[in-house]
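# Examining the three-dimensional arrangement
Here is what each chain is made of, one letter per residue.
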Amino acid sequence: MAAGGKLQAPRGTFDVLPEDGRRRSQLRALSEELFEPAGYGPVDTPIFEATELFARGVGETTDIVQKEMFTFEDQGGRSLTLRPEGTAGVCRAYMEHGMHKQPQPVKLWYWGPFFRHEAPQAGRYRQFNQVGVEAIGSDDPSLDAEVILLLSELLTRAGAQGVRLRLGSLGTPETRREYSDELRDYLRSREAELSDEVRARLDANPLRAFDSDHPGTIAVVKDAPKLLDRLNEEDAAHFAEVRALLDEAGRDYEIDAALVRGLDYYTRTVFEFTSDALGAQSGVGGGGRYDGLISQLGGPHIPGVGWAAGIERILMVSDVEVPGVGPDVYVVRDGGGAVTEFKALGALREAGFTAQMEQAGRSVKGQFKQADRLGAKSVLVVGADTLSVRDMNTGDQREVPDIAEALAALKEVLA
Ligand code: ATP
Ligand code: MG
């Protein structure tokens, strides 16, 4: 960078300022209040992991692994990657800490930053934040329904607008393999109409065609055979039960036979929540069942289901509102001396008041103005030999003999 150039946050990143930060804290509190009582414990995994975890977990042929990862070498020449998603890391931690020996299912939730090298636009960043849950160790359909309903409820509590749920099932890897062959044959028969990208990946992963926004590909895919019609009996029954549980809970959804999702690890249930209040990037959160993921990472066959939702996108469509609140007391410094004034501030905070003090050398008049700007409910004026309490609401001010009396007077004012 040129010397003296203006320093800015990197492309596709953003700063969180206090007003935004309060909304995020509020959403995080809503999440915790919802997940903890349902038996989901907090989990935090490293921001960077061995690149191999995502290559094996997310899938070599996915957009995420092929195009979107921030990968670098450490000084020992090991390849590391800033995590693009949360499930692979959580499953690694589950195995590494022998959580399969705990009573199953193990239920976890997380919140934190993720990284994808994408073209930045509204709602799409290179560093963004996700909240997510994982229920690992059982393939009971009630878990699929439970995690879906948790995200549904979180969006409701956040006041998210225009929310829709799309639901599909991918069956087992065997079903998917057979179906992939069938789909590949079909796509080959109309190869000329497909995008270059889809054509290039026809061998490796023909299902990606369903993710394409290329008009020709969309038209071809519309008439393609559907995986949902090829599910084996067991998977069809599993999907039927998930749907029955959602029906029972009164949660609306649309069946989407073309729902593929951008990660390779999904089996059986897949789902996506969108919001009509978002533009092109309408995805608010999504997930599904990943019964093959842990074995793909070198562990035993242990099923799991979960989702991740974009915190920025939830906040874009929701009315989580947290007004900044002014302090209970503002300490005006009128010649009391630094020690006395600072002691008064400490006494106020210890007594449970939210309190701030003048710290920018304003005149007394300027300090009252500042108290007003901050929305302080009261003021404690610390003079050379006097203490007085002012009700900022009524303007009443009276002198008090000592700090104990000041606290009592403030309690009255603030009552
Ligand atoms: P999209 O269709 O928007 O690319 P995705 O299918 O890649 O989403 P997932 O991997 O399922 O998304 O991640 C779950 C959620 O994380 C998304 O629904 C979205 O809300 C959010 N998300 C994903 N990528 C980004 C990004 N680059 N910037 C902001 N939020 C994101
Ligand atoms: Mg994406």
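Look up: the structure comes first, before these words.
Structure report, in brief. Bear in mind that the values here come from a model prediction, so they are computed numbers and not experimental data. (Residues numbered from 1 in each chain as written. Chains lettered and ligands numbered in written order. Predicted model: local features only at pLDDT ≥ 70, side-chain atom pairs only at ≥ 80, totals over all residues. Heavy atoms only, no water.)

The next thing to look at is the sheet that holds strand β3 (residues 71–73). Spatially, the three strands line up as an open sheet ordered β2-β4-β3, and their pairing is antiparallel. Looking at the sheet topology across the chains shown, the edges are occupied by β2 (48–50) and β3. Strand after strand, the sheet turns through a mean of 35° between neighbouring axes, direction not considered. Note that β2 and strand β4 (residues 79–82) share three bridges and pair antiparallel. The residue bridging Phe48 from the neighbouring strand is Leu82, located in β4. (Pairing = 2+ DSSP bridges. Helix = DSSP H or I, 4+ residues; strand = E, 2+ residues; numbered from the N terminus. Axes fitted to C-alpha atoms, helices over the stretch in contact; angles between N-to-C directions.)

What follows deals with the sheet that holds strand β12 (residues 329–334). Spatially, five strands are ordered β13-β12-β14-β15-β16 in an open sheet, and the strand pairing comes out mixed. At either margin of the open sheet sits one strand with a lone partner, and together these are β13 (355–357) and β16 (397–400). Each adjacent strand pair in this sheet contributes to an overall mean axis angle of 25°, direction not counted. Here four bridges tie strand β15 (residues 387–391) to β16, and the two strands are oriented antiparallel to one another. In the strand pairing of β16, Arg390 is matched with Gln397. On the sheet, helix α13 (residues 364–374) packs against β12, β13, β14 (378–383), β15 and β16 and is oriented at approximately 170° with respect to β12. Those strands touched by helix α14 (residues 403–414) are β12, β14, β15 and β16, and its axis lies near 5° from that of β15. (Contact = heavy atoms within 4.5 Å.)

The next subject is helix α9 (residues 233–248). Helical geometry note: an α-helix holds 3.6 residues per turn, so side chains three or four residues apart project in the same direction. Along its 16 residues, α9 runs 22 Å from first to last C-alpha, staying within 8% of the 22 Å computed at 1.5 Å per residue. Buried within α9 are the following residues: Asp235, His238, Phe239, Val242 and Leu246. Along the axis of α9, the buried residues cluster in a sector spanning 95°; they form a single face. Along α9, exposed side chains directed more than 90 degrees from the buried face belong to Glu233, Glu234 and Glu248. Where α9 begins, one side-chain oxygen reaches toward the backbone nitrogen of Glu234, 3.1 Å away; that side chain belongs to Asn232. A positive backbone phi angle near 75° is found at Gly250, which sits one or two residues after α9. (Expected span 1.5 Å × (residues − 1). Buried < 20%, exposed > 50% of the residue type's maximum accessible area, 1.4 Å probe, protein only. Arc of directions from axis to C-beta. Polar contact = N/O pair within 3.5 Å; in protein donor to acceptor, adjacent residues only side chain to side chain.)

We now examine the pairing of strand β11 (residues 304–310). With respect to burial, β11 is a largely interior element, seven of its seven residues being buried. What you see with β11 is no split at all: Gly304, Gly306, Ala308 and Gly310 on one side and Val305, Trp307 and Ala309 on the other are buried throughout. In terms of strand pairing, strand β6 (residues 127–136) meets β11 through seven bridges, oriented antiparallel. Its bridge partner lying in β11, Ala135 is registered against Val305. The pairing of strand β10 (residues 283–289) with β11 spans five bridges and is classified as antiparallel. Counterpart to Arg289 in the pairing with β11 is Val305.

Purely geometric stuff here, so don't read any function into it on its own.
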